[in-house]
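Each chain is listed here by its residues.
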Amino acid sequence: MRGRALVAGLAVALLAACGGGEDGPSAAGTSSAPAERTLTVFAAASLTATFTQLGTEFEAAHPGVRVRLNFAGSSDLATQIGEGAPADVFASANESTMAKVTGQSLTAGEPVDFATNVLEIATPPGNPAGITGFADLARPGVKVVVCAPQVPCGAATETVEEASGVTLSPVSEEPSVTDVLGKVTSGEADAGLVYVTDVRDAGDAVTGVEFPESSAAVNTYPVAALEDATDAGLAEEFVDFVTGPDGREVLQDAGFGTP
Amino acid sequence: MTARARTVRRGGGAGGSALPRWVLVPAALGLLLFVLPLLGILSRVPWARFAALITSESALTALLLSLRTASVSTVLCVLLGVPMALVLARGHVPGTRVLRSVVLLPLVLPPVVGGLALLWVLGRRGLIGATLSVLGVEVGFTTAAVVLAQTFVSLPFLVLSLEGALLTAGDRYESVAATLGARPGRVLVRITVPLIAPGLLSGAVLAFARALGEFGATITFAGSLQGVTRTLPSAIYLQRETDPDAAAAMSLLLVVVAVVVVVAVRGRRSVL
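In this text, all values refer to a predicted model and were calculated from it rather than measured experimentally.

## Examining the interface of chain A and chain B
Each side of the interface is counted separately: chain A has 25 residues, and chain B has 20 residues. For the chain A and chain B pair, buried surface summed over both sides reaches about 2100 Å², with 48% attributable to carbon and sulfur atoms. Its largest share of buried area at the contact with chain B, chain A owes to Gln150(A), Pro175(A) and Glu188(A), together 29% of the area lost on that side. Here chain A and chain B share 5 salt bridges between them. In this structure, the salt-bridge partner of Asp76(A) is Arg240(B), at a minimum N-O distance of 2.7 Å. Remark: the boundary between chain A and chain B carries 12 residue pairs in polar contact (both at pLDDT 80 or more). Secondary-structure elements contributing two or more residues to the side of chain A that touches chain B are helix 3 (74-82), strand 7 (172-174) and helix 6 (177-185) of chain A. The residue inventory of the side of chain A that touches chain B, partitioned by class, reads 9 nonpolar, 7 polar and 9 charged.

## Brief notes about the nonpolar core
Residue and element names in this part refer to chain A. One finds Ile-121, Phe-134, Leu-137 and Leu-193 to be the most contacted residues of the largest nonpolar core, which totals 34 residues. When sequence neighbours within four positions are dropped, the list of residues in contact with Ile-121 reads Ile-131, Gly-133, Phe-134, Leu-137, Ala-191, Gly-192, Leu-193, Val-199, Thr-207, Gly-208, Val-209 and Phe-211. Formed by 28 residues, the second largest nonpolar core is a distinct cluster that contains Leu-39, Val-67, Phe-238 and Val-239.

## Let's talk about the sheet that holds strand 9 (residues 207-209) of chain A
Residue and element names in this part refer to chain A. The strand order across the open sheet built from 5 strands is 7-6-8-5-9, with neighbouring strands paired in mixed fashion. A strand with exactly one partner marks an edge of an open sheet, and here the two such strands are strand 7 and strand 9. Going from strand to strand, the sheet's axes swing by 35 degrees on average, the running direction of each strand aside. As defined by bridge partners, strand 6 (residues 144-147) adjoins strand 7 across 3 bridges and the pair is classed as parallel. Residue Val-146 lies in a different strand from strand 7, and its bridge partner there is Glu-173. Sheet strands touched by helix 5 (residues 152-164): strand 5 (119-123), strand 6 and strand 8 (191-195). Its angle to strand 5, the strand with the most contacts, is close to 100 degrees. This element, helix 6, spans strand 5, strand 6, strand 7 and strand 8 of the sheet and lies at about 145 degrees to strand 8.

## Remarks on the UniProt feature "domain: ABC transmembrane type-1" (unreviewed entry) in chain B
Per the UniProt record, the feature "domain: ABC transmembrane type-1" (unreviewed entry) sits at residues 63-265 of chain B. In the segment residues 63-265 of chain B, helix accounts for 80% and strand for 0%; the C-alpha atoms at its two ends are 19 Å apart.

## Some points on the packing of aromatic side chains
Residues and elements named next belong to chain A. Going through the model one piece at a time under the given rule, you end up with 9 aromatic pairs over all chains. Between the aromatic rings of Phe-51 and Phe-238, the centroid separation amounts to 6.0 Å while the plane-to-plane angle is 70 degrees, which identifies the pairing as edge-to-face. You can see Phe-51 sitting in helix 2 (residues 48-61) and its partner Phe-238 sitting in helix 8 (residues 232-243), a full 187 residues away along the chain. The exposure class assigned to Phe-51 is buried, which follows from its relative accessible area of 0%.

## A closer look at the packing of helix 3 (residues 47-54) of chain B against helix 13 (residues 244-266) of chain B
All names here are of chain B. Running from amino to carboxyl end, helix 3 crosses helix 13 at an angle of 65 degrees, the nearest separation of the two axes being 10 Å. In this view, helix 3 runs roughly perpendicular relative to helix 13, as classed from their interaxial angle. Our pair here, helix 3 against helix 13, has a crossing hand that is right-handed. On the side of helix 3, the interface is formed by Trp-47, Arg-49, Phe-50, Leu-53 and Ile-54, while helix 13 contributes Asp-245, Ala-246, Ala-249, Leu-252 and Leu-253. Grouping the constituent residues of the contact of helix 3 with helix 13 by class yields 8 nonpolar, no polar and 2 charged.

## Side note on helix 2 (residues 24-44) of chain B
With 21 residues, helix 2 of chain B should cover 30 Å at 1.5 Å per step; its first-to-last C-alpha distance of 30 Å lies within 8% of that length. Roughly 25 degrees is the biggest bend found in helix 2 of chain B, and it falls at Leu33(B), with proline Pro37(B) one to four residues downstream.

## Overview of the state of the cysteines
Residue and element names in this part refer to chain A. Tallied over the entire structure, the rule returns 1 disulfide over all chains. Each disulfide pairs two cysteine sulfurs, and for Cys-147 the partner residue is Cys-153, the sulfurs being separated by 1.9 Å. Judged by the sign of its S-S torsion, about -95 degrees, the cystine formed by Cys-147 and Cys-153 is left-handed. Residue Cys-147 shares its accessibility class with Cys-153, and that shared class is buried.

## Points about the pairing of strand 1 (residues 37-44) of chain A
Residue and element names in this part refer to chain A. For strand 1, a buried count of 6 out of 8 residues is recorded, marking the element as mostly surrounded by other parts of the structure. Note: strand 1 against strand 2 (residues 65-72), 8 bridges, orientation parallel. By the bridge assignment for strand 2, Arg-37 is matched with Val-65. Chirality of the crossover, the property in question, places the unit of strand 1, helix 2 and strand 2 among those that are right-handed. As paired elements, strand 1 and strand 3 (residues 89-91) share 3 bridges and run parallel to each other. For Ala-43, the partnering residue across the bridge sits in strand 3 and is Ala-91.

## Looking at the sheet that holds strand 2 of chain A
All names here are of chain A. Judged by pairing direction, the sheet is mixed, and its 5 strands sit side by side in the order 2-1-3-10-4 without closing on themselves. Where the open sheet ends on each side, the last strands, each with one partner, are strand 2 and strand 4 (107-117). The sheet shows a mean angle of 20 degrees between the axes of neighbouring strands, taken without regard to direction. Across the sheet, helix 3 is in contact with strand 1, strand 2, strand 3 and strand 10 (219-226); its angle to strand 1 comes to roughly 135 degrees.

About the thresholds
- Here the residue numbers are simple positions, counted from 1 along each chain's written sequence.
- Lettering for chains starts from A, numbering for ligands starts from 1, and both go in the order in which the items are written.
- Since the coordinates come from a predicted model, pLDDT governs what is reported: local features require at least 70, and pairs of side-chain atoms require 80 or more to be given and counted, while whole-chain, interface and lining totals use all residues.
- Heavy atoms throughout the structure, all of them, feed into the side-chain values; hydrogens and water do not.
- Contacts are assigned to residue pairs that have any heavy atoms within 4.5 Å of one another.
- Throughout, buried area stands for the accessible area (probe radius 1.4 Å) lost by two parts on being put together, summed over both.
- The term salt bridge refers to a side-chain nitrogen of Lys or Arg lying within 4 Å of a carboxyl oxygen of Asp or Glu.
- Pairs of N or O atoms are called polar contacts if they sit within 3.5 Å, as long as, within protein, a hydrogen donor faces a hydrogen acceptor (for residues adjacent in sequence, only side-chain-to-side-chain pairs).
- Numbered from the N terminus, helices here are DSSP runs of H or I no shorter than four residues, and strands are runs of E no shorter than two.
- Any residue that is not Ala, Val, Leu, Ile, Met, Phe, Trp, Tyr, Cys, Pro, Asp, Glu, Lys or Arg is counted as polar, Gly included; the first ten are nonpolar and the last four charged.
- Residues belong to one nonpolar core when they are buried, are Ala, Val, Leu, Ile, Met, Phe, Trp, Tyr or Cys, and are joined through side-chain atoms within 4.5 Å.
- Think of it in three bands: with a 1.4 Å probe and only protein chains considered, a residue is buried below 20% of the maximum accessible area for its type, exposed above 50%, and partly exposed in between.
- For two strands to be treated as a pair, DSSP must find at least two bridges joining them.
- Note on definitions: angles span 0 to 180 degrees between N-to-C directions of axes, and those axes are lines fitted to C-alpha atoms, for helices only across the stretch in contact.
- UniProt positions are given in the numbering used here, feature names are shortened, and annotations may be inferred rather than shown by experiment.
- Two aromatic rings from Phe, Tyr or Trp, using only the six-membered ring of Trp, form a pair when their centres are within 6.5 Å; if the ring planes differ by under 30 degrees the pair is stacked, by over 60 it is edge-to-face, and anything between is tilted.
- Roughly parallel here means an angle under 35 degrees, roughly antiparallel means over 145, roughly perpendicular means 65 to 115, and every remaining angle is called oblique.
- Take the far helix as your reference; a near helix turned counterclockwise from it by less than a right angle gives a left-handed crossing, and one turned clockwise gives a right-handed crossing.
- Here the expected length of a helix is defined as 1.5 Å per residue gap, with one fewer gap than residues.
- A residue's bend is simply the angle between two axes: one fitted to the seven residues ending at it, one to the seven starting at it.
- Cysteine sulfur pairs qualify as disulfides if the two atoms are within 2.5 Å.
- Call a crossover right-handed when, viewed with both strands pointing away from you, the route from the first strand across the helix to the second goes clockwise.

If you want it as structure tokens, here you go:
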């Protein structure tokens, strides 16, 4: 008896799940009557705050347009676009990832650089280990966490190491900036190398220490409308919006530099 | 699988409760859900580079670390899990239901949350970790942290399959032994453990396989450094950043290792 009830329950749950899945797009379809258009933007995870704001502003300036945002690591997004994910605009956290997409002729026109970002040291609030500069990170006993060289922030870290002649012995090479930040905010690490924008975004959870050697690795963010965009004109408009004065203001407020 | 197939045939042969045919349709669909992704992996493995990829230093170091940590976790699971299963199945302690729910916790917690929870307890600022840190013991970023994370997620598998075995076996033999004057310790070692050995073995294999695949709690709690905390799943996650095909090759390696271990331990004895 109990077993049968369980099976029935599972079946109902499964039906509900399937129904929900089918409902989603069709419901969106009916609500997007003739005038409504949807723009799908794939953007690097580090753009979450800024692009959410820009998306809302773009919607306000373009009645009937709905901006759908998908945030993830740039290389994941590039892979998804390569596999045919339906995206109209791609904003990458570095040029090499964008190059993968342009290399497959998946962009419409040349990507435009719209922001830059540099590394900054993040320490737990109050900087208990007393880090004052990049060289301090190599002090024995200082637990430093960095991004792995395979990901953009890790590549930037390596570039800074080479340029400054300081070699780090990190206790962990994390797969993403978020993971580095997590180890710092939890107090597990004495310091981590993340981007200026991450430090600003983290607010009181971390204390930032800027260092001049960061200029050796400036990360440039390109954005491009995609070849398979459902509405090429709208995609171009969004790119113009991000690279225009409105976009610049939002990005600068978040700590991004101008390319 | 084989055990179940045999049961079906036996049932059919006895002319008794043969399975209705329609059961095969959802069963086949369920199987497809496993087989298709495996085909997906196979379709992406760059076979020309396969040997070079899985024998690369980073892959081998990660594989060895995974095997080492998963083995230690499995031993820990057995040492802690057998008594837990005994208490749950035979202990007649008040609140057994609540205890069982607690044991289930790691199964329902997202592994990342499990890792965070471990951090909040054993991290430098954790409930216990803060004191440990003063004493000079820090678990974070060590191989021990990997083992802890793996044990945390694998333990329920061992406890639950063992508890099932204990309940199925019943306690008739134990009662007889006790009436004949055997003391509880002797009953446990001479009767209970041999009786549940197959269940223990299959539970241990399950726990090992789960530990081998553990990723979320490890990355959150232990970090990722080659040779220290970067297990094969962590290495795969990182590899996909630059070379998803290489990640597919390493994934296949992980699948093969898990299958080899399961087959080697369980062999032809169908214990589940």
